[in-house]
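Residue strings, one per chain:
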Amino acid sequence: QNNNINMPLFSSSSSQKSSSQSRRHTNKSRSMAPSTATKRSSSHTLNDKQRDRLLSHRPAPQPHHLISVDDYHNEARRRLSKMVYDYYRSGSDDMHTLRWNQEEFSRIRLKPRILKDVSKLHLETDLFGCRLKFPLIVAPTAMHRMAHADGEIGSSKATTEFGTAFCLSTLATTKIQDVRENNPHGDLFYQLYVLKDREFTKRMVQEAEKHNFKAIFVTVDAPRLGNREPDHKNRFHLPQGLSLENLLSNLDEKNMESSLSAYFANQIDASLTWKDIDWLRSITNLPIVLKGIQCAEDAVLAAEHGCDGIVISNHGARQLDSAVSTVEILAEVVDAVRKHSKNADMKILIDGGIRRGTSILKALALGADCVLVGRPVLWGLSVAGSEGVRRVLEILYDEYVLAMQLVGATSLTELKQMGKKGMTVIRSKM
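It should be emphasised that the depicted structure is a prediction, and the values quoted were computed from it without experimental measurement.

What counts, and where the lines are drawn
- Residues numbered from 1 in each chain as written.
- Predicted model: local features only at pLDDT ≥ 70, side-chain atom pairs only at ≥ 80, totals over all residues.
- Heavy atoms only, no water.
- Helix = DSSP H or I, 4+ residues; strand = E, 2+ residues; numbered from the N terminus.
- Buried < 20%, exposed > 50% of the residue type's maximum accessible area, 1.4 Å probe, protein only.
- Contact = heavy atoms within 4.5 Å.
- Areas by Shrake-Rupley, 256 points an atom, 1.4 Å probe, with all protein chains shown as cover.
- Phe/Tyr/Trp six-rings, centres within 6.5 Å; stacked < 30°, edge-to-face > 60°.
- Lys NZ or Arg CZ within 6 Å of the ring centre and 35° of its normal.
- Salt bridge = Lys/Arg side-chain N within 4 Å of Asp/Glu carboxyl O.
- Pairing = 2+ DSSP bridges.
- Right-handed = clockwise from strand over helix to strand, strands pointing away.
- Axes fitted to C-alpha atoms, helices over the stretch in contact; angles between N-to-C directions.
- Parallel < 35°, antiparallel > 145°, perpendicular 65-115°, else oblique.
- Left-handed = near helix turned anticlockwise from the far one by under 90°.
- Nonpolar A, V, L, I, M, F, W, Y, C, P; charged D, E, K, R; others polar.
- pLDDT = per-residue confidence, 0-100.
- Polar contact = N/O pair within 3.5 Å; in protein donor to acceptor, adjacent residues only side chain to side chain.
- Expected span 1.5 Å × (residues − 1).
- Arc of directions from axis to C-beta.

*Asks:* Account for the overall build of the protein, with residues named and values stated.
*Replies:* Counting its secondary structure elements, the protein contains 17 helices and 12 strands. Every one of the 430 residues in the protein was classed for burial, and the buried ones make up 58%. Counting contacts in the protein only where the partners sit at least 6 residues apart, residues at least 24 apart contribute 76% of the total. Accessible surface, the protein as shown: approximately 19,000 Å² in total, 48% of it carbon and sulfur.

Written out as structure tokens, the structure reads:
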């Protein structure tokens, strides 16, 4: 059944066109998927040491050869080991939601306005006390040093140099303290898993506060880890010399060598409830953002519990396969929070499937305050370290600026107003 959301930037199109474009997009997505060895570079037949030696002599691609997020993705696929690439790239089970996250953006049609002065744009925005160059931040993703020696330090510094905020993962391969010491003036957020050991959880929050992180992003969609089959097949493990630096004091050496699934089965708390969110509020004055909201009802509950923000997210499609794509539920979440909660000003963020500036524009027009990108940053890091991260952010920024001018909007406020007046989003049948 098609769901129609009436707003002014989008025009309707026939279901036949939508279905045809969906098939073409699905075929393209399949061609990029790491499902068979024939769709990978032959370098994946090499072991990690052989690949590292080859790549150390391969010149970094020139910027004019890599002009989109997909270009960086394809180059990263050639450079990373199969185990690391599959860890970053894969979703759970059959990866339906992984495909839908990106495909649903392609089904949203834009209806531009013409003869408007778009020579001057006002793109900056404020988020949890931080001034952002435009409404995009870097999402928390695990283990950056698997991608490149620059790791989380390089990613955060590039993000700061570009002009936005970086969210550090609990599963980082760099300590909170080291990230801050190497990026003393950056806007940093911290992503938190609430572990069974509440005292250790409290110490992590205090460590983030001590080092002037600006907000806590609490992951709430992982009572268990999703079934990520490539990780099982690859027997995923941290490469030698790397560790989950912020968990070392809570993790003995034996567990460090075990699989991540076994570790989280023991450490992540499946009994987490709204009471624990209230407890977290009682131990910190930092803004609390719930990451993993997937329905309007939970968004309203987050507002009622005094959360400062939410991230509409399905964990990069790595948890429940067949979960709804994030952009599909964005409009109803925005409507529920703005009209039916006492905390109507709570910030609404979204991640999942954002690979183009037009996708950023669509999410903001549908009511989001900011978007997050994760995998694109990892692809940039994999290809060219810190410089690759900066370049990927610049690509998305340039595409967003172009989309804003072509659609006829000069600011986030104006874009949202245009979005409220009447665009239509057509969803294909499930």
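*Asks:* Lay out the packing of aromatic side chains in plain terms, naming residues and giving numbers.
*Replies:* The final tally for this structure, using the stated rule, is 12 aromatic pairs. Taking NZ or CZ as reference, Lys-133 lies 4.5 Å from the ring centre of Tyr-397, over its face. Sitting over the face of the ring of Tyr-87, Arg-318 holds its NZ or CZ atom 4.7 Å from the ring centroid.

*Asks:* How would you sum up the pattern of salt bridges? Please name residues and give values.
*Replies:* For the structure on display, the rule yields 20 salt bridges. The closest approach of N and O atoms between Asp-187 and Lys-214, which form a salt bridge, is 3.0 Å. With a gap of 27 residues between them, Asp-187 in the loop between α7 (176-182) and β6 (188-192) and Lys-214 in the loop between α8 (198-210) and β7 (216-219) connect regions that are remote in the sequence. By relative accessible area, which is 22% here, Lys-214 ends up partly exposed. Among the ionic pairs, Glu-399 bridges to Arg-356, the shortest N-O distance being 2.7 Å.

*Asks:* Would you mind going over the pairing of β7 in detail, with residue names and values included?
*Replies:* Here β7 shows a buried face lined by Ile-216 and Val-218 and a second buried face lined by Phe-217 and Thr-219. With 3 bridges joining them, β6 and β7 adopt parallel strand pairing. In the sheet register, Leu-192 faces β7, and the bridge partner there is Val-218. Between the parallel elements β6 and β7, the chain passes through α8 in a crossover that is right-handed. Across 4 bridges, β7 lies against strand β8 (residues 288-293) in parallel orientation. Paired with Phe-217 across the two strands is Val-289, which belongs to β8.

*Asks:* Go over the packing of helix α15 (residues 357-365) against helix α16 (residues 375-407) with me, naming the residues and quoting the values.
*Replies:* At their nearest, the axes of α15 and α16 sit 7 Å apart, and the two run at 60° to each other. It follows that α15 is oblique to α16 by the angle criterion. In the crossing of α15 with α16, the sense of the turn from one axis to the other is right-handed. Residues Gly-357, Thr-358, Ile-360, Leu-361 and Leu-364 of α15 form the contact with α16, whose participating residues are Leu-396, Glu-399, Tyr-400, Ala-403, Met-404 and Val-407. For the contact of α15 with α16, the class distribution of residues is 8 nonpolar, 2 polar and 1 charged.

*Asks:* Give a detailed account of the side chain of Glu-399, specifying residues and quantitative values.
*Replies:* By the secondary structure assignment, Glu-399 is in helix α16. The contacts of Glu-399, once residues within four sequence positions are left out, are Ile-67, Arg-355, Arg-356 and Gly-357.

*Asks:* Tell me what's going on with the environment of Ile-114, and back it up with residues and numbers.
*Replies:* Structurally, the position occupied by Ile-114 is in the loop between α5 (96-106) and β2 (125-127). Separated by 295 residues in the primary sequence, Ile-114 and Ala-409 place their C-alpha atoms 9.8 Å from one another.

*Asks:* An account of the confidence of the model for the protein is needed here, citing residue identities and associated values.
*Replies:* Per-residue pLDDT for the protein has a mean of 85; in total, 79% of the residues score no lower than 70. This model gives residues 1-46 a pLDDT under 50, and the stretch forms 107 contacts once residues within four places in sequence are excluded. Confidence drops under pLDDT 50 across residues 424-430; counting only partners more than four residues distant or on other chains, this segment forms 33 contacts.

*Asks:* Break down the environment of Phe-217 for me, citing the residues and quoting the values.
*Replies:* Inspection of the secondary structure assignment puts Phe-217 in strand β7. The spacing of Phe-217 and Ser-169 is 48 residues in sequence and 9.2 Å in space, taken between C-alpha atoms. Contacts of Phe-217, omitting those with residues within four sequence positions, involve Phe-128, Ile-137, Cys-167, Phe-189, Tyr-190, Gln-191, Leu-192, Val-289, Val-311, Leu-349 and Leu-372.

*Asks:* Quick one: what's the story with the side chain of Glu-328, residue by residue and with numbers?
*Replies:* Residue position: Glu-328 is located in helix α14 (residues 326-340). What makes Glu-328 buried here is its relative accessible area of 13%. Polar side-chain contacts of Glu-328 include one of 2.8 Å to the side chain of Ser-325.

*Asks:* I'd like to hear about the pairing of strand β9 (residues 309-312), residue by residue, with values.
*Replies:* Burial of β9 is two-sided: the residues Gly-309 and Val-311 facing one way and the residues Ile-310 and Ile-312 facing the other way are all buried. Two elements, β8 and β9, share 4 bridges in a ladder whose sense is parallel. Bridge pairing links Val-289 to Gly-309 in β9. For the crossover that starts at β8, traverses helix α13 (residues 296-304) and ends in the parallel β9, the hand is right-handed. Pairing between β9 and strand β10 (residues 347-350): 4 bridges, direction parallel.

*Asks:* Requested: an account of α8, with residues and values cited.
*Replies:* Its 13 residues place the ends of α8 18 Å apart at the C-alpha level, agreeing with the 18 Å of an ideal helix rising 1.5 Å per residue. Among the residues of α8, Arg-198, Phe-200, Thr-201, Met-204, Val-205 and Ala-208 are the ones counted as buried. With its buried residues spanning 165° around the axis, α8 presents them on a single face. Where α8 is buried, its residues touch α7, β6, β7 and α12 (274-283). N-capping of α8 is provided by Asp-197, with a side-chain oxygen placed 3.1 Å from the backbone N of Glu-199. Two residues or fewer past α8, Asn-212 is found with a positive phi of approximately 60°.

*Asks:* Could you give me a rundown of the packing of helix α4 (residues 82-89) against α16, with the residues and numbers involved?
*Replies:* Viewed as axis vectors pointing N to C, α4 and α16 meet at an angle of 155°, and their least axial separation amounts to 10 Å. Regarding the angle of α4 to α16, the classification is roughly antiparallel. On the side of α4, the interface is formed by Tyr-85, Tyr-88 and Arg-89, while α16 contributes Arg-375, Leu-378 and Trp-379. Counted by class, the contact of α4 with α16 contains 4 nonpolar, no polar and 2 charged residues.

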